[in-house]
Amino acid sequence: MSRVVKVEPFILTIGRDTPYLGALRKGEEKNEKGYFVRKGNKTVYLDKDRTVLVRVETESGAVGWGETYGLVAPRATTEIISDLVADFVVGRDPADAAGIHDFLYDLMRVRGYSGGFYLDALAAVDIALWDAAGKEAGKSVADLLGGRLHDTVPCYVSGLPKPTLEERVAFALEWQAKGYNSFKFAATVADDGNVKEMSELRAALGADAKISCDMHWAHTPESAIENIQAMQPYDLWFAEAPIVTEDMPGLAKIAQAVDTPIAVGEEWRTLYDANYRFDLNAVHIVQPEMGHTGITEFARIAREAHSRGIPLLPHATIGSGIFLAASLQTGLAMEGLIGHEFQHSIFNRNTGLITDGLKCSEGAYTVADSPGIGIEPTEDLISQLEPA
Ligand code: MG
């Protein structure tokens, strides 16, 4: 056993020319900090990419890296780690990452911290501990979780960040020509409506393409049912996040009314979040986000989903590549894995920030079978870290 001697959080800011999901639209303006609100989903975004990283070190010198959301108020998360969590992790064995996660979760349960920034902090620490544990053992995280069950992970192209439908269709065709045949469009920026977007994409991409719609929590149960049913004739692969996450009975109502699979899960932190919805038969495809769950809760959600016959299609968000590698590495050991989201505007930019172990080409990801999560931050990334 080699105990943890250090836990350090950092903030990483990465510039981008065009904001995530594309240029600002009419009526969307950024404030002096770079924050702006997408009218389509009432959600705050940032004009650059930003993420929170965690580095843990053991007494034998093994270093593990973790990552969580840092787009908004990153110092809330880093402060939780540096003020509270780090001291409770020092002295523990990283091989007990799941036990450490549960211990940390219990610390704040009675105060109601069962989600949000607290659980994001725990997710980053958890990934870093699993990474360190793998390096101590000389095994990949997939091996620590029972071994790889898949060689590659099929992916779908997510978001078509172009200003007009015509350009979005052309952009999807470019990706199809590169060997990608699964797609998801974002309702938030589908200005002509989801049905029009779906029908035009189907006409251009052909019958074999998989096309899904991220509905961005914008509907009532009734309008979601109507909208999904209107997309069904165009063979909608899945309908994602049709209504606000709090309305679980409403989600169940939609899931039972439509033929299209309902996909949710990107905002969850724990197996509790999953089971509330699973028990209502409200979920057909589960989309956990490693940056919110960490490896421990991700694996718990994936295994529970599989036991109920629900396939696993993890979410991908704005990051350096660390939590994406952790997500793929963990997914490879999960029986129900059917694919993974691919955020081209983030993934391709991360080349140079992480070592070579993570690839995506012709519609599938691979991640190196090396100890831990399979990749390392490069010197270039490390030189850009802001201690927090
Ligand atoms: Mg989504």
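Residues numbered from 1 in each chain as written. Predicted model: local features only at pLDDT ≥ 70, side-chain atom pairs only at ≥ 80, totals over all residues. Heavy atoms only, no water.

This brings us to the side chain of Asp 126. Among the secondary structure elements, Asp 126 is positioned in helix H3 (residues 116-137). Buried and without a salt bridge, Asp 126 has Arg 300 as its closest oppositely charged side chain, separated by 7.9 Å. Those residues in contact with Asp 126 that lie beyond four places of it in its chain are Ala 97, His 101, Gly 294, Ile 295 and Thr 296. (Helix = DSSP H or I, 4+ residues; strand = E, 2+ residues; numbered from the N terminus. Buried < 20%, exposed > 50% of the residue type's maximum accessible area, 1.4 Å probe, protein only. Lys, Arg positive; Asp, Glu negative; His and termini not counted. Salt bridge = Lys/Arg side-chain N within 4 Å of Asp/Glu carboxyl O. Contact = heavy atoms within 4.5 Å.)

Before going further, it helps to examine unusual backbone geometry. The backbone phi angle of Ala 241 is positive, close to 45 degrees, even though this residue is not glycine. Relative to the elements of secondary structure, Ala 241 occurs in the loop between strand S9 (236-240) and helix H8 (248-257). You can call Ala 241 buried: its relative accessible area is 4%. Even without a glycine there, the phi angle at Glu 362 is positive, about 45 degrees. For Glu 362, the position within the fold is in the loop between strand S13 (358-361) and strand S14 (364-367).

With that settled, the discussion passes to the coordination of the magnesium ion. A metal bound by six donors in octahedral fashion has ideal angles of 90 or 180 degrees, whereas one bound by four tetrahedral donors has an ideal angle of 109.5 degrees. For the magnesium ion, the protein coordination sphere consists of Asp 214 (OD), Glu 240 (OE) and Glu 266 (OE), at 2.0 to 2.2 Å. Read in sequence order, the donor residues for the magnesium ion give the motif D-x25-E-x25-E. Of this pair, Asp 214 sits in strand S8 (residues 210-214) while Glu 266 sits in the loop between strand S10 (262-264) and helix H9 (271-278), and the two are 52 residues apart along the sequence. Of the two residues, Asp 214 and Glu 266, both sit in the buried class. (Donors = N, O, S within 2.8 Å, 3.2 Å for Na, K, Ca; no water.)

Turning our attention to the sheet that holds strand S5 (residues 63-69). Ordered in space as S5-S4-S1-S15, the 4 strands form an open sheet in which the pairing is antiparallel. Looking at which strands have only one partner, the edges of the open sheet turn out to be S5 and strand S15 (386-387). Note: strand S1 (residues 4-14) against strand S4 (residues 49-58), 10 bridges, orientation antiparallel. Paired with Leu 12 across the bridge in S4 is Thr 51. Each of S1, S4, S5 and S15 is contacted by helix H1 (residues 74-89), which is oriented at about 170 degrees to S1, the strand it contacts most. Lying on the sheet, helix H11 (residues 322-331) is in contact with S4 and S5; it crosses S5 at an angle near 100 degrees. (Pairing = 2+ DSSP bridges. Axes fitted to C-alpha atoms, helices over the stretch in contact; angles between N-to-C directions.)

To continue, consider the pairing of strand S3 (residues 43-46). Along any regular strand, the residues point their side chains to alternate faces of the sheet. As defined by bridge partners, strand S2 (residues 35-38) adjoins S3 across 4 bridges and the pair is classed as antiparallel. Bridging across to S3, Arg 38 finds its partner in Thr 43. Counting the residues between successive antiparallel strands, the hairpin from S2 to S3 contains 4 residues, one of them, Lys 42, with a positive phi of roughly 60 degrees.

Okay, the pattern of salt bridges next. Once their charged atoms are close, side chains differing in charge can pair, the charge on each being opposite to the other. For the coordinates displayed, the defined rule picks out 25 salt bridges. Here the salt bridges share partners, and the residues they tie into one network are Lys 184, Asp 214, Glu 240 and Glu 341.

Attention shifts here to the domain arrangement of the protein chain. Taken domain by domain, the protein chain consists of domain 1 (4-138) and domain 2 (144-374). Contacts between domain 1 and domain 2 engage 41 residues on the former and 43 residues on the latter. Buried surface at the junction of domain 1 and domain 2, both sides included, amounts to about 3,200 Å², of which 63% is carbon and sulfur. Our count for the contact surface shared by domain 1 and domain 2 stands at 3 salt bridges. In this structure, Arg 25 and Asp 191 form a salt bridge, with 2.6 Å as the shortest nitrogen-oxygen distance. Residue assignment for the side of domain 1 that touches domain 2 shows that the elements contributing at least two residues are S1, S4, S5, helix H2 (97-108) and H3. A per-element tally of the side of domain 1 that touches domain 2 places H3 first, with 12 residues. Among the residues making up the side of domain 1 that touches domain 2, the classes are represented as 17 nonpolar, 12 polar and 12 charged. (Domains from an automatic or database assignment. Buried area = accessible area lost by both parts, 1.4 Å probe. Nonpolar A, V, L, I, M, F, W, Y, C, P; charged D, E, K, R; others polar.)

For S5, the buried fraction is high: 6 of the 7 residues fall into the buried class. Where S4 folds back onto S5 in an antiparallel hairpin, the turn is made up of 4 residues, including Gly 61, whose phi is positive at roughly 100 degrees.

H2 packs onto H1 with a crossing angle of 140 degrees between their chain directions and a minimal axis gap of 11 Å. Considering their axes alone, H1 and H2 lie oblique with respect to each other. Relative to H2, H1 is oriented so that their crossing is right-handed. Contacts between H1 and H2 involve Leu 84, Val 85, Phe 88 and Val 89 on the former and, on the latter, Ile 100, Phe 103, Leu 104, Leu 107 and Met 108. When the residues that make up the contact of H1 with H2 are grouped by side-chain class, the tally is 9 nonpolar, no polar and no charged. (Parallel < 35°, antiparallel > 145°, perpendicular 65-115°, else oblique. Left-handed = near helix turned anticlockwise from the far one by under 90°.)

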